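# Coordinates in review
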Amino acid sequence: MNKILVTGGAGFIGSNFVHYLVANTDASVTVLDKLTYAASRESLAHLPADRVRLVVGDIADASVVDPLVAEADAVVHYAAESHNDNSLNDPSPFVTTNIVGTFTLLEAVRKHGVRFHHISTDEVYGDLELDDPQRFTEQTPYNPSSPYSSTKAGSDLLVRAWVRSFGVQATISNCSNNYGPWQHIEKFIPRQITNLIDGVRPKLYGAGLNVRDWIHADDHSSAVWTILNKGAIGETYLIGADGEVNNLDTVKLILRLMGHDENDFEHVNDRAGHDLRYAIDSTKLRTELGWKPQFQDFEAGMVNTIAWYRDNEAWWRPKKAAVEATYAAQGQ
Ligand code: NAD
Ligand code: DAU
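Residues numbered from 1 in each chain as written. Chains lettered and ligands numbered in written order. Predicted model: local features only at pLDDT ≥ 70, side-chain atom pairs only at ≥ 80, totals over all residues. Heavy atoms only, no water.

### Re the nonpolar core
Quick reminder of the rule: We call a set of buried residues a nonpolar core when its members are Ala, Val, Leu, Ile, Met, Phe, Trp, Tyr or Cys and they connect through side-chain atoms within 4.5 Å of each other. Residue exposure (1.4 Å probe, protein chains only): buried if accessible area is under 20% of the type maximum, exposed if over 50%, otherwise partly exposed. By the criteria applied, helices consist of DSSP H or I runs no shorter than four residues and strands consist of E runs no shorter than two, each listed in order from the N terminus. Residues are treated as being in contact if the distance between any of their heavy atoms lies within 4.5 Å.
In this structure, Ile 4, Val 6, Phe 17, Val 18, Val 76 and Ile 239 are the most contacted members of the largest nonpolar core, which totals 32 residues. Looking at this core, the elements with two or more residues in it are strand S1 (3-7), helix H1 (12-24), strand S2 (28-33), strand S4 (74-77), helix H7 (217-230), strand S11 (236-239) and helix H9 (283-289). When near neighbours in sequence (up to four residues on either side) are disregarded, Phe 17 contacts Val 6, Val 76, Tyr 78, Ser 221, Val 224 and Trp 225. Judged by nonpolar contacts, the second largest core, of 26 residues, contains Ile 185, Leu 253, Leu 255 and Val 323.

Next up, the structure:
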């Protein structure tokens with residue numbers, strides 16, 4: 001696969017994958033990205049111009065999508081509206097981008113016979129009880145909770161139908177919560193780090209007992225590359241790194257690593273419909289395709305992530321006031 005079209009490649013995880021491709025493969029990459037509030041041109045800066053091209057456009061616009069898909073050997077589809085809290089405020093762009101956008105891409109790969117990999121989330125499975133011994137597997141029934149996760153579930157089902165009905169050459173991956181550099185500061189971990197840099201106490205939704213299964217974005221990228229090359233067409237693979245931590249412990253870790261009393265946070269309004277626990281069983285990916293994560297030390301990863309936000313204030317500073325104003329209006 002020499003020519004890879006990466007949708008959403010100017011976002012947090014998509015740009016990580018573009019860096020992965022440049023560092024580890026010979027592929028030339030076209031990024032198709034609408035450059036929404038969540039995107040960052042800087043995340044693609046300093047990459048070789050003869051390897052990476054950015055096309056600014058909407059995945060729901062067939063006139064943009066069709067010629068780019070026609071020239072690609074594979075499409076890796078990251079573009080999405082990605083934040084649960086935003087989906088509670090205004091679900092509309094989630095339906096347009098996550099469902100209509102995915103439909104538009106599927107029609108193009110069908111027409112041109114191009115390999116497709118769809119990036120999805122563990123949130124399509126709903127949530128688990130804290131004491132449930134089970135984790136999500138590829139057999140877990142879909143049960144999404146939020147407008148965000150329901151539109152991602154809808155997009156997954158479109159992919160499955162296009163495989164079965166039209167023979168589209170597609171795979172799907174559902175990954176757990178990513179962390180690392182370049183993550184938008186609306187998200188949990190960078191929000192708390194940048195709050196502390198600003199002398200503001202971290203904000204914990206509700207009691208903070210909700211569990212997330214953290215994976216470093218670099219491990220997500222290596223997993224996607226593995227599936228793209230070795231995955232069986234029509235199959236779904238769950239991606240996770242055995243990183244379950246509750247939000248309270250994550251906030252305490254960030255406080256301690258940034259030199260504060262670990263109880264110096266505040267409880268704020270809970271998220272409506274807040275999923276309790278996500279947990280991934282990635283046995284299929286590990287045993288069938290031989291993938292394993294490289295960054296399983298959450299504390300070490302957090303040290304590096306904190307350092308990155310300290311060193312890159314110019315990147316996040318212009319976004320901070322607006323993000324916090326939106327949260328403040330919600331009592332969060
Ligand atoms: P992000 O919000 O950081 O980036 C999304 C990117 O998509 C942005 O660059 C944005 O400009 C682009 N985009 C949005 N709408 C578009 C449109 N209509 N046309 C073209 N580009 C558009 O998101 P992220 O956290 O990097 O997530 C990327 C993908 O990974 C999403 O599909 C998400 O569902 C999935 N995912 C995320 C996580 C996580 O923890 N962040 C975990 C599992 C799966
Ligand atoms: O599981 C994969 C999903 O992980 C992805 O599909 C989503 O795109 C991604 O945004 C993420 O969803 P979450 O809703 O889990 O992530 P978020 O960073 O918004 O919140 C993580 C947890 O922290 C969640 O339980 C809510 C809580 N939280 C969040 C914020 C912003 C807080 O307690 N305080 C906060 O300020």
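### Things to note about the site of ligand 1
Put simply, the rule is: Nearness is judged by heavy atoms alone; a residue qualifies as near a molecule or strand once a single heavy atom is within 4 Å of it. Throughout this description, a polar contact denotes any pair of N or O atoms lying within 3.5 Å of each other; where both atoms belong to protein, one of them has to be capable of donating a hydrogen while the other can accept it, and for residues adjacent in sequence the pair is counted only when both atoms sit in side chains. What sets the accessible areas is the Shrake-Rupley method with a 1.4 Å probe; for residues, cover comes only from the shown protein chains.
Around ligand 1, a shell composed of 28 residues is seen, among which Ile 13, Asp 33, Ser 82, Tyr 148 and Lys 152 lie nearest. Between a nitrogen atom of ligand 1 and a main-chain N or O atom of Ile 59, the distance comes to 3.0 Å. Notes on ligand 1: free accessible area 830 Å², of which the protein chains cover 97%. Of all elements in the fold, only H1, strand S5 (115-121) and helix H5 (147-166) reach the threshold of two or more residues within the shell around ligand 1. With 3 residues, S5 is the single largest residue contributor to the shell around ligand 1.

### Looking at the side chain of His 216
With respect to the element layout, His 216 can be found in strand S10 (residues 215-216). For His 216, a relative accessible area of 9% gives the class buried. A polar contact is formed between the side chain of His 216 and the backbone nitrogen of Asp 218, at a distance of 3.0 Å. In this structure His 216 touches Tyr 179, Gly 180, Pro 181 and Phe 295, once residues within four positions along its chain are discounted.

### Observations regarding the sheet that holds strand S6 (residues 170-175)
In plain terms, the rule: Should DSSP find at least two bridges between two strands, the strands are regarded as paired. To obtain an axis, a line is fitted to C-alpha atoms, over the contacting stretch when the element is a helix, and the angle between two such axes runs from 0 to 180 degrees between their N-to-C directions.
Strand order across the open sheet formed by 7 strands is S3-S2-S1-S4-S5-S6-S11, with parallel pairing between neighbours. Edge positions in the open sheet fall to strand S3 (52-56) and S11, since each of these has one partner strand only. With strand direction ignored, the average angle separating the axes of adjacent strands in the sheet is 20 degrees. Two elements, S4 and S5, share 4 bridges in a ladder whose sense is parallel. When the bridges of S5 are listed, Ala 74 appears paired with Arg 115. Where helix H2 (residues 62-70) meets the sheet, it contacts S1, S2, S3 and S4, and its direction lies at approximately 170 degrees from that of S2. Contacting S5, S6 and S11, H5 crosses the sheet at an angle of about 155 degrees to S5.

### Quick notes on helix H4 (residues 92-112)
An α-helical segment advances 3.6 residues per turn. Residues three or four places apart therefore align on the same side. Under the convention used in this document: Multiplying 1.5 Å by the residue count of a helix minus one yields the expected span of that helix. Values of bend correspond, residue by residue, to the angle between axes fitted over the seven residues ending at that residue and the seven starting there.
For H4, built from 21 residues, the straight-helix expectation of 30 Å at 1.5 Å per residue is met to within 8% by its first-to-last C-alpha distance of 29 Å. Approximately 25 degrees is the largest bend angle found in H4, and it occurs at Val 100. What H4 keeps buried is the set Phe 94, Thr 97, Asn 98, Gly 101, Thr 102, Thr 104, Leu 105, Leu 106, Ala 108 and Val 109. The elements touched by buried residues of H4 are S1, H2, S4, helix H3 (84-89), S5 and H5. Looking one or two places after H4, you find Gly 113, whose phi comes out positive at around 65 degrees.

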